[in-house]
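# Report on the structure
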Amino acid sequence: MALRVYNTLSRTLQDFQPLDPDGQAVGMYCCGPTVHDFAHIGNFRTFVFADLVRRYLEFRGFRVNHVMNITDVEDKIIKRVREQGVKLADFTRERENAFLEDLDTLGCLRPHQIPRATAFISEMIALIGRLMERGVAYQAPDRSIYFSIEKYRGCGCTYGQLQKLNFEEMRVGDRVSSDEYEKESVADFALWKARVPEDGEVYWDSPWGQGRPGWHIECSAMSMKLLGETFDLHLGGEDLVFPHHEDEIAQSEGATGKPFVKYWMHGAHLLVEGKKMSKSLGNFFTLRDLLAKGFSGREIRYLLLSAHYRETFNFTLDGLTGAKSALARIDECVAKLRELAGSRQDGTSTGSADELIGRFSTAMDEDLNVSAAWGAVFEWVRETNRRLAGGELSAAEAASALAGWEAVDRVLGIGALCEESQVPPELSALLEERQAARKAKDFKRSDAIRDELKARGWVIEDTPKGPRLKKL
RNA sequence: GGCGGGGUAGCCAAGUGGUAAGGCACGGCUCUGCAAAAGCUGUAUUCGUCGGUUCGAUUCCGACCCUCGCCUCCA
């Protein structure tokens, strides 16, 4: 079975076959955040999706080079820097650190490389230079450099590879910002923006005068620098299809004359409580907002991973509560397996664990059908619980089952986020006291202790092997 | 107006030309002195509406209704 992915370029499912002649190395680029504020839950859906792609490719044995940029120069950032009277780097570094912490909270593996746009200005200038040389870019009277769609098309290149475009039918004008009126054509986009007074100290020198890069150019420059002029996989949110990714293709192919990216994958947006997120509706959440409500990164990750990446997903607080229960079911099962396996944690998966891995990969191979993959996980949980309850599992079999779970969890990334809570000694003492009371049939006392523990946030679970304390 | 997604149980969400995964919630049962955010188990004659193709459609085709996204710097 081969991994198939939906390629936005072809609008079909295609077998995933990396450019590497050995079929091992995969270059993967995901458009990262613009660090003007804390990222919201919608942003994170895309990054968790990218993490899933990377992890699954690694699961399938590919050697992935995962690159994600940080956009640390942009209109909104410049505006805030000016308003707050701080230095660009100080402002953006703070947001960037918060963002990376958030990624950790969500159990996302750090991309192998996290380039900042401002560290690649010379590469961007070089790329713009190539476009000027090839005659597909021009300097307008406002001194900014623009990419000419017409000239690009004149070279036999295709503009509109990711989305069918019909310029005549497009609603032009609404959102064309005032600083771009000197373009030759409304479809043209900025490669280099000439310095204006509002930019303050945020500018760089270039052969065309002082200024700063346009938005799209950074991704072309950084991805080609780090992954080569043609690479395997480019990801991003669906809203980036046009214009951002279309323009990346134009800039890159316009400069190199080579295909830019083999597979484009786009994650759908999410709705929150059935509506598009907006601050006025009160359904706009940053990761930190949700943590403050008492949800964990793990629950959020699970919920974000519960639906297929190409479907709009309805993210709800109820769903988050449900995620807690669903995860507890897995945790219970895994904890019981650990207990039974004891020190034998070097198991190789056999039997039902192999079946789990098989069903999991079959699902994931089909364009990352993660919902079906979870289905396989939960059926395995039920079957494992059944056998656990029936005392049918040996320590070796438990270790084998664990090995199976750990294999799929290296993709799902849920287990590592499970915090083992230590029971405070005074609570253990209370638990023992309750046991003594129960033995003496002093149920009034034992129930009082149970209530006491509950008030302290711990719930007792009586098992055939004796009572256990679980953090509420 | 152009382009592209969706409408499957109370909620979330897979899927298939042959009769509906999984999760949450809910009910039953087991365990328990009683419990339990423990375990098992049950729950959609039905997949937006109306037509068509077919032995058979939720799945294919057509029309319609509703909904969401993109259309120049928003993941």
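Parameters and conventions
- Residue indices begin from 1 for each chain and proceed along its sequence in written order.
- Whichever chain is written first becomes A and whichever ligand is written first becomes 1, with later ones labelled in order.
- Per-residue local features are limited, in this predicted model, to residues with pLDDT of at least 70; the limit for side-chain atom pairs, both in listing and counting, is 80 or more; totals at the level of whole chains, interfaces and linings are taken over all residues.
- In DSSP terms, a helix is any run of H or I states spanning at least four residues, a strand is any run of E spanning at least two, and both are numbered starting from the N terminus.
- Here a residue counts as buried when 20 or more other C-beta atoms fall within 10 Å of its C-beta, as exposed when 12 or fewer do, and as partly exposed in between; the C-beta atoms come from the backbone.
- At least two bridges found by DSSP between two strands is the condition for calling them paired.
- Placing the C-beta atom from the backbone, one calls a residue near a molecule or strand if that atom lies within 6 Å of it.
- Each nonpolar core consists of buried Ala, Val, Leu, Ile, Met, Phe, Trp, Tyr and Cys residues. Their C-beta atoms, within 7 Å, join them into a set.
- Here the limits of each domain have been adopted from an automatic or database domain assignment.
- Each residue after the first adds 1.5 Å to the expected span of a helix.
- Once C-beta atoms have been placed from the backbone, residue pairs whose C-beta atoms lie within 7 Å are recorded as contacts.
- All axes here are fitted lines through C-alpha atoms, helices being fitted over the stretch that makes contact, and every angle between N-to-C directions spans 0 to 180 degrees.
- Roughly parallel refers to an angle under 35 degrees, roughly antiparallel to one over 145, roughly perpendicular to one between 65 and 115, and oblique to any angle outside these ranges.
- For any pair of crossing helices, the crossing counts as left-handed if the nearer helix is rotated counterclockwise from the farther one by less than a right angle, and right-handed if it is rotated clockwise.
- Each residue gets one of three labels, nonpolar for Ala, Val, Leu, Ile, Met, Phe, Trp, Tyr, Cys and Pro, charged for Asp, Glu, Lys and Arg, and polar for the others, Gly among them.
- Classification remark: right-handed applies to a crossover when, strands pointing away from the viewer, the course from the first strand over the helix to the second runs clockwise.

### Some points on unusual backbone geometry
Residue P243 is reached from F242 by a cis peptide bond, and omega for that bond is 5°. As for its position among the elements, P243 is in helix 7 (residues 241-256). Unlike most non-glycine residues, K441 shows phi in positive territory, near 60°. Here K441 is to be found in the loop between helix 14 (425-439) and helix 15 (443-455). Note on K441: 9 C-beta atoms within 10 Å, which makes it exposed.

### A word on the pairing of strand 2 (residues 12-15)
Pairing geometry for strand 1 (residues 4-7) and strand 2, over four bridges, is antiparallel. Bridge pairing in strand 2 places R4 opposite D15. Between strand 1 and strand 2, which pair antiparallel one after the other, the connecting turn spans four residues, and R11 there sits at a positive phi close to 55°.

### Topic: the protein's contact with RNA strand B
Residues in contact with RNA strand B amount to 73 residues; listed here are only the nearest, G42, W215, G237, G322 and D462. No other element matches the 10 residues that helix 12 (residues 370-389) contributes to the surface near RNA strand B.

### What to know about the nonpolar core
If you look at the biggest cluster of nonpolar residues, it comprises 111 residues, and the most contacted ones within it are V48, V53, I128, F147 and L191. Ranked by the residues each element gives to this core, the list is headed by helix 1 (residues 41-59), at 10 residues. Here this core gathers at least three residues from each of two domains, domain 1 (19-267) and domain 2 (272-417).

### Digging into helix 13 (residues 395-412)
Spanning 18 residues, helix 13 covers 25 Å between terminal C-alpha atoms, matching the ideal 26 Å at 1.5 Å per step. Elements that come into contact with the buried residues of helix 13 comprise helix 1, helix 10 (317-341), helix 11 (352-365) and helix 12. Once helix 13 finishes, G413 follows within two positions and takes phi at roughly 70°, a positive value.

### A closer look at the sheet that holds strand 5 (residues 137-139)
The four strands are arranged 5-6-7-8 in an open sheet whose pairing can be described as antiparallel. Looking at the sheet topology across the chains shown, the edges are occupied by strand 5 and strand 8 (211-213). Within this sheet the neighbouring strands show an average axis-to-axis angle of 20°, counted without direction. Bridge count for strand 5 against strand 6 (residues 145-147) is three bridges, and the pairing is antiparallel. Looking at strand 6, one finds that Y138 is bridged to Y146.

### Quick word on the domain arrangement of chain A
Segmentation of chain A into domains returns domain 1 (19-267), domain 2 (272-417) and domain 3 (425-471). Between domain 1 and domain 3, the C-alpha centre-to-centre distance is 58 Å.

### Observations concerning the packing of helix 10 against helix 13
Their axes nearest at 8 Å, the elements helix 10 and helix 13 cross at an angle of 140°. By the angle between their directions, the pair helix 10 and helix 13 is classed as oblique. Pair helix 10 / helix 13 crosses with left-handed handedness. For the pair formed by helix 10 and helix 13, the contact residues are V334, L337, R338, L340 and A341 on the first element and A395, A398, A399, A401, L402 and W405 on the second. Taken together, the residues of the contact of helix 10 with helix 13 break down into 10 nonpolar, no polar and one charged.

### Observations concerning the pairing of strand 3 (residues 25-30)
Side-chain positions along a regular strand alternate between the two faces of the sheet. For strand 3, a buried count of five out of six residues is recorded, marking the element as mostly surrounded by other parts of the structure. Both strand 3 and strand 4 (residues 63-68) contribute to a ladder of six bridges, which runs parallel. Looking at strand 4, one finds that Y29 is bridged to V67. Read from strand 3 through helix 1 to strand 4, the crossover connection turns out right-handed. Pairing of strand 3 with strand 9 (residues 231-237), which is carried by three bridges, proceeds in the parallel orientation. Among the inter-strand pairings, Y29 is bridged to a residue of strand 9, identified as H234.

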